[in-house]
Amino acid sequence: MLKELGRGMWTTLRSMFEKPVTIEYPEVKRPVRARFKGRHELKRYDNGLEKCIGCSLCAAACPADAIFVEAAENTDEVRFSPGERYASTYEINMLRCIFCGYCEDACPTEAIVLGDNYELSFTDRRQAIYPKEMLLEPVRGEGKTTPQKTEPGEFIRSIPLMENPKD
Amino acid sequence: MLAEKYPLETQNILAKYPPDQKRSAVMPLLYLAQRESGYVTKAAMQDIAALCEMSVTEVASIVGFYSLYYDKPAGKYRVQVCTDLPCALRGADEFLSKLCENLGIKVGETTPDGLVTVEAVMCLAGCDKAPMFQTQSSEGITYHENQTIESALEVIDAWRQQEKQA
Amino acid sequence: MTKLVSLTIDGKQVTVPEGTLFVDAAKRVGIDIPVFCYHPKMEPVGMCRMCLVDVGRPMIDRATGQPVMDENGAPKIQFGAKLDTACTTPVSEGMVVIGASDKVKAARKDIVEFILTSHPLDCPVCDKGGECPLQNLTMAYGPGETRFLYDDKLHLAKQVPLGELIYLDRERCIQCGRCVRFQDEIVDDPVIGFFNRGRSLEIVTHSDPGFDSVFSGNTTDICPVGALTTADFRFGARPWELKSTSSICSQCPVGCNITFNVRREAASGGKTVIKRVMPRQNETVNEIWICDKGRFGYHYTESDDRLTTPLIRKNGELTPASWDEALGLVASRFSAAGEGLLTLGSGRLSNEDLFNLRQLTEGVKGKAALYTHMAGGDLTAQVGVAPGTDFGEMGKGTAILVAASDLYEEAPIWFLRIKQAAERGATLIVANARPTKLEAYASHVIRYRYGAEAETIAAMTVDRGPTTVAGHPSSVADASKAFAEAENAVILFGSDGLGLEGSQALSAACANLLVATRHVGRANNGLVGVWSRANDQGAWDMGLRPLTVDRRPELQSAKAIYVVAADPFGDDPGLLATFNLQPATFLVVQDLFLTETARRADVVLPAQAFTEREGAYTSGERRVQRFYPAAPARPDTWPDFAITAQIAQKMGSILEGRVPAAVFTQIAATVAAYAGLSYRKLAETNDQWPSVGSGVRRKGLYFSGTAYENKQGVGIHLPLSPTPLPPVNMQSFHLQGEGLLAVPVTCLYDRGQTVYPSALLHQRIGEVWVALHPADAERLGVVANSRVSLTLGGAEFDATARLDESVPQGVALIPRSMGIPINGPEAVEIRAGERVVL
């Protein structure tokens, strides 16, 4: 009996000198894996135009029916994305989302990407619906924000042109 | 108005077809209209549509279908080089590019003086005498066969002379 | 009787009439042969080559002429060296067709690869994506990858407006020609055409305005790719996100079956809104087509100008009030009015609404009347077309008389179906005072002067001989002979240039002609009214009668007037005087909008649009059809029948006001012609050919386009009234007056409240116009397209003058519902204005 007790005390004593497995979240954050699927981001091209063309395929692929997209027509005066169509409304209900990443797979322009952010919290159901303004990534580098005024004939295609295989 | 400008010709053309088949007259009427300005104008299409009791769109479709009708203005002489396979085998492509080079224009363009438009066309049934081209102008259609770049330029020079004299 | 032939398609034994094409024969037994250019409603052209099949024919011994037998005693089949197009090859006895061999599959794979060489594959942004035959057939038969170079793809214009209603994407076009053929073959409006050849082929329009046809929207349904899309639905939603509801078009008496596609939308503040209107298949009514008015004219139901709350006049101003207050006031005044209650309902209402209106009115011994400018609905109930009537069946042996109606403008789908009947050999007689589009297909054209409509038709009853009757053109004699001798005969009468009195005389003349020639009581025989509203026939059936001159005196004493879905003062300011409206008269208006009449009302009650509720309309052919609620109702509005029932309740009588089906049950119990009908019966469907694309089974998407399957009822044709036909007294009617005579005509796109809120149509509606003969114009000093002012019924109006040689001299055509109130022919004075409109 004493032997068992001693073994138990030893285990306790030993763990006192081990490195702790817990981290001091939120001061310390554990890096996520490369294929982690966190909060969505809507990407932009380098020139600042939105990659999203409002095709709704993400909404169609979504098994949780968490995405709502509404499209409208671009003009050269008021342009959000290349081509004729852009998402005038883009909403993801984060309470419904199961972070499966099907939306990423369905996207023809690689506009929606599941990022690294997992810190989603809300105090109200309405807050759980992330509108386009929250999802769009900020403009980087030389890019301009949308809507942009563009030259006629410059951005006529929603989907980048297909190219011949290079090999 | 076509009918007012060429009353006799229009009447003669229309007289060839039964009154309930007026649309048959569309082809000769289009030729008549094209002779006027080198191409079929929108106004001419409307005139012909009214004469033949067709819709303007139908008349335009015919202009679009036949390669000898034009709906856009071009040079006084259209030089149409055949580039189909038999001609290509006898150097039509090279002939065409040299011709363009000499005239300083690209295929489909018109020389700055508005005299010559060079076009590449499909078979003109002159395969045995390639390279060849046809010219189309208000004087009608002429074939020029067994051509070299020199002989072709001679033809064009002759037009230039003629133009100067006129 | 056509000969039947038997053949084998993919191992299935098929027996079809001789001359049937393979594609159709296969489709009838459930075998899909993929097609792009073929359409079951059009002649085959064999352009796309997608339908290639292996065809074997029985081998014939040349010496004996007998089929060669193999060792088993079965006829030996010889297959062709090459594949045949299933869409252009008619069946013959003993044929064997293989649509699934490796050879066929390889061929189809290549065809898809070819078709996709220059297709942009921008399905994610394409409005057709999700209901696209090219997408589906590529998935089913395509190669998956191409051997062609992407660099060689043609890059063409992606945004070419063919007019303001239809957009063309040149890259997506696969040159099947369905749209061009539809406009040419089916509609005969060849306003779009091919331009250039080969890879440079493109669709063009040279009409003004572009794509000038009232059927243009149908080309977007049959386009097998997303090359043609409507401006209305452009990027509106993806097809799979839409919910669909069956309905009936409320724009004209044809009663086209339609489907509303709705979606909840952030752009509309989270409301569920109608995104598009699609045809719903009903082969006996509209086949798979609808006109552009039906397709684009629905926007009024979503207008911001709709009434949203009851209004009561307080201190001379209409002020918002509660329903309870408004209904209480109305009920007390109606009860007080008693016999002095006059109810005016229009054909915009459903049968249920009209029934309740009449019940309420008769409960206090008031008078219920139909607001219309056209009479004859009692006659169509007696000598109308009998059940089984189908314009699609009419051909040789049938005579169709169209009297005083410009069908292209008034009821485009009837125009289409009658034109097709004429092309199948029906004798078409068009009687009108001015040329109309339908005359191009007529075997007899009767031209009369305005005012002589009834007289002319009456002359047809008499004129049977070859001799000419004095005062009538010889065409009358010929036409009446053809009409009398036809096996079946139908008359469609309208109100081109006619008011109530004129159309009453005309309808009587038409009824007499049908009775005299024994063209009554049978299918494909009888009288059809080309009414101005969707449910005018239903209103007649519900017992409402128009306010003819002889009825007016008794109505001038009205103490309270209940106007529902009508705008008499907007249409005819002179009515005020006619009614001798006292300031004490209590006026209640129940409508969608604050109309001219509503502005004068003491109480205004907001009703629901037909898209927000259930009901049933009776079409001009007397087919009762149900419509279903598509969009959620505006808060604080009620359907018309419910409002009426609530007024009745406050007056102490019980009317059904909750369930329209229950009102309809009462109709079935009360109105003889509707006996035995119920909502369930109206919802019955039958198998229809050809199968269409959208809906439950989606079997025919590639075959006949995106029209919706009919799953919620094809409607029921009413039997004729069993009461024996009383001899109709044709009151002769003569126009009086000298100088210029204004006559009302109907045009498809007008400024009416159920059309004008569709901004998309404004360009087609145009300015208020008046049409004159050039000779009259010259006499008056009026130049083409100049502003003129006209005096009509004591009031002054401005309009643009159109000069048209087809307008009879001495007459000015004035379109109805365009801003100049005109109910019937009357004298007009026209003066040239100064401003010239270019």
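Computed from a prediction, not measured in an experiment: that's the story for all the values here.

## Observations regarding the overall build of chain A
Along its length, chain A carries 4 helices and 5 strands. Computed over the C-alpha atoms, the radius of gyration of chain A is 23 Å, more than 25% above the 15 Å expected from 2.2 N^0.38 for a compact globule of 167 residues. Reported as C-alpha extents along the three principal axes, the dimensions of chain A are approximately 85 × 45 × 30 Å. When contacts within chain A are restricted to residue pairs at least 6 apart in sequence, those whose partners lie at least 24 apart make up 76%.

## Re the overall build of chain B
For chain B, the count of helices and strands is 8 helices and 4 strands. Along chain B, helices (α) and strands (β) appear in the sequence α-α-α-α-α-β-α-α-β-β-β-α when read from the amino end. Projected onto its principal axes, the C-alpha positions of chain B cover 50 × 35 × 25 Å. For chain B, the proportion of its 166 residues judged to be buried stands at 32%. In chain B, the proportion of contacts linking residues at least 24 apart, taken out of those at least 6 apart, comes to 58%.

## Describing the sheet that holds strand S4 (residues 140-144) of chain B
Residue and element names in this part refer to chain B. Within the open sheet, the 4 strands sit side by side as S2-S1-S3-S4. Their pairing is mixed. In the strand order of this sheet, the two ends are held by strand S2 (116-121) and S4, each with one partner. Here the average twist between neighbouring strands, direction ignored, is 25°. Both strand S1 (residues 77-82) and S2 contribute to a ladder of 6 bridges, which runs parallel. Across the sheet, the residue bridging to Arg78 is Thr117, located in S2.

## A few points about the interface of chain C and chain B
Listed by partner, the interface residues are 12 residues for chain C and 9 residues for chain B. Taken together, the elements giving at least two residues each to the side of chain C that touches chain B come down to strand S9 (192-195) and strand S10 (202-205) of chain C. Among the elements that take part in the side of chain C that touches chain B, S9 of chain C stands out by supplying 4 residues, more than any other. Within the side of chain C that touches chain B, the residues separate by chemical class into 6 nonpolar, 5 polar and 1 charged.

## Quick notes on helix H2 (residues 102-115) of chain C
Between the first and last C-alpha of H2 of chain C there are 20 Å, a value that for 14 residues agrees with the 20 Å anticipated at 1.5 Å per step. In this structure, the buried side of H2 of chain C is in contact with strand S3 (52-58), strand S6 (96-98) and helix H3 (133-141) of chain C.

## Overview of the packing of helix H4 (residues 42-52) of chain B against helix H5 (residues 56-65) of chain B
Residue and element names in this part refer to chain B. As a packed pair, H4 and H5 sit with axes 8 Å apart at the nearest point and diverge in direction by 115°. Remark: the crossing between H4 and H5 carries right-handed chirality. The residues of H5 that touch H4, namely those facing Met45, Gln46, Ile48 and Ala49, are Val56, Val59, Ala60 and Val63. Counted by class, the contact of H4 with H5 contains 7 nonpolar, 1 polar and no charged residues.

## Some thoughts on unusual backbone geometry
Glycine aside, negative phi is the norm for most residues, and most peptide bonds take the trans geometry. In this structure, Pro26 of chain A follows Tyr25 of chain A across a cis peptide bond, with omega equal to 5°. Following the sequence through the fold, Pro26 of chain A ends up in the loop between helix H1 (2-15) and strand S1 (40-42). Geometrically, the link from Ala130 of chain B to Pro131 of chain B is a cis peptide bond, its omega value of -5° lying close to zero. Even without being a glycine, Leu121 of chain C presents a positive backbone phi close to 55°.

## What about the nonpolar core?
Counting 268 residues, the largest nonpolar core has Ile48 of chain B together with Val35 of chain C as its most contacted members. Sorting elements by how many residues they give to this core places helix H14 (residues 500-516) of chain C first, with 8 residues. What Val35 of chain C contacts, discounting residues up to four positions off in sequence, is Val23, Cys48, Met50, Cys51, Cys87, Tyr702 and Phe703 of chain C. Formed by 30 residues, the second largest nonpolar core is a distinct cluster that contains Tyr86, Ile92 and Ala111 of chain A together with Cys123 of chain C.

## A few points about the domain arrangement of chain B
In terms of domain boundaries, chain B breaks down into domain 1 (2-65) and domain 2 (77-165). When each unit is reduced to the centre of its C-alpha atoms, the spacing between domain 1 of chain B and domain 2 of chain B is 29 Å.

## Describing the environment of Lys16 of chain B
Mapped onto the fold, Lys16 of chain B is located in the loop between helix H2 (7-15) and helix H3 (26-37). On a C-alpha basis, the gap between Lys16 of chain B and Phe65 of chain B in space is 23 Å, while along the polypeptide they are 49 residues apart.

## Points about the interface of chain C and chain A
Contacts between chain C and chain A engage 16 residues on the former and 21 residues on the latter. For the side of chain C that touches chain A, the residue count by class is 8 nonpolar, 1 polar and 7 charged.

## Focus: the sheet that holds strand S7 (residues 160-162) of chain C
Residue and element names in this part refer to chain C. A sheet is described by the order of its strands in space; here 3 strands give the open sequence S7-S8-S11, paired in antiparallel fashion. Here the strands that pair on one side only, and so sit at the sheet edges, are S7 and strand S11 (228-230). Within this sheet the neighbouring strands show an average axis-to-axis angle of 35°, counted without direction. Strand direction decides the pairing type here: strand S8 (residues 166-168) and S11, joined by 3 bridges, are antiparallel. The residue of S11 that forms the bridge with Tyr167 is Thr229.

## Considering the pairing of strand S16 (residues 317-320) of chain C
All names here are of chain C. Note: strand S15 (residues 311-314) against S16, 4 bridges, orientation antiparallel. Its bridge partner being in S16, Leu311 is matched across the sheet by Pro320. Here S15 hands over to S16 after 2 residues, with Asn315 in that stretch at a positive phi of 50°.

## Quick notes on the packing of H2 of chain C against H3 of chain C
Residue and element names in this part refer to chain C. At a minimum axis separation of 10 Å, H2 and H3 run at an interaxial angle of 135°. Classified by the angle their axes make, H2 and H3 are oblique. The chirality of how H2 crosses H3 is left-handed. Contacts from Arg108, Lys109 and Val112 of H2 reach H3 at Leu137, Thr138 and Tyr141.

## Some words on the pairing of S9 of chain C
Residues and elements named next belong to chain C. Relative to S10, S9 is paired through 4 bridges, and the arrangement is antiparallel. Bridge pairing in S10 links Phe195 to Glu202. The antiparallel pairing of S9 with S10 creates a hairpin that spans 6 residues between the two strands, and Asn196 there sits at a positive phi of about 65°.

## Some remarks on the arrangement of the chains
For this structure, the chain pair with the highest number of contacts among 2 pairs of chains in contact is chains A and C. Over all C-alpha pairs, chain A and chain B never come within contact, reaching a minimum spacing of 23 Å.

## Digging into helix H12 (residues 453-462) of chain C
The buried fraction of H12 of chain C amounts to 7 of the 10 residues, a majority that puts the element mostly inside the structure. Those residues of H12 of chain C that fall on the buried side of the exposure criterion are Glu453, Ala454, Thr456, Ile457, Ala458, Ala459 and Met460 of chain C.

## Considerations on the environment of Asp324 of chain C
Note that Asp324 of chain C resides in helix H7 (residues 323-337). Spatially, the C-alpha atom of Asp324 of chain C lies 39 Å from that of Ala795 of chain C, the residues being 471 residues apart in sequence.

## Section: the confidence of the model for chain B
Residue and element names in this part refer to chain B. Looking at chain B as a whole, its pLDDT mean stands at 91, while 100% of the residues score no less than 70. Averaged pLDDT values over the elements of chain B bottom out at 85 in helix H1 (residues 2-5) and peak at 94 in H5. Both scores are available for the predicted complex, with the pTM at 0.92 and the ipTM at 0.88.

## Some details on the environment of Asp189 of chain C
Residue and element names in this part refer to chain C. Positionally, Asp189 belongs in the loop between helix H4 (178-186) and S9. According to the C-beta neighbour criterion, Asp189 is buried, with 20 such atoms within 10 Å. Note: C-alpha distance between Asp189 and Ser216 (27 residues apart in sequence) is 9.5 Å. Residues in contact with Asp189, not counting those within four places in the same chain, are Gln183, Ser213 and Phe215.

Each value, and the rule that gives it
Residues numbered from 1 in each chain as written. Chains lettered and ligands numbered in written order. Predicted model: local features only at pLDDT ≥ 70, side-chain atom pairs only at ≥ 80, totals over all residues. Helix = DSSP H or I, 4+ residues; strand = E, 2+ residues; numbered from the N terminus. Rg over C-alpha atoms; globule rule 2.2 N^0.38 Å. Contact = placed C-beta atoms within 7 Å. Buried ≥ 20, exposed ≤ 12 C-beta atoms within 10 Å, placed from the backbone. Pairing = 2+ DSSP bridges. Axes fitted to C-alpha atoms, helices over the stretch in contact; angles between N-to-C directions. Nonpolar A, V, L, I, M, F, W, Y, C, P; charged D, E, K, R; others polar. Expected span 1.5 Å × (residues − 1). Left-handed = near helix turned anticlockwise from the far one by under 90°. Core = buried A, V, L, I, M, F, W, Y, C linked by C-beta atoms within 7 Å. Domains from an automatic or database assignment. Parallel < 35°, antiparallel > 145°, perpendicular 65-115°, else oblique. pLDDT = per-residue confidence, 0-100.

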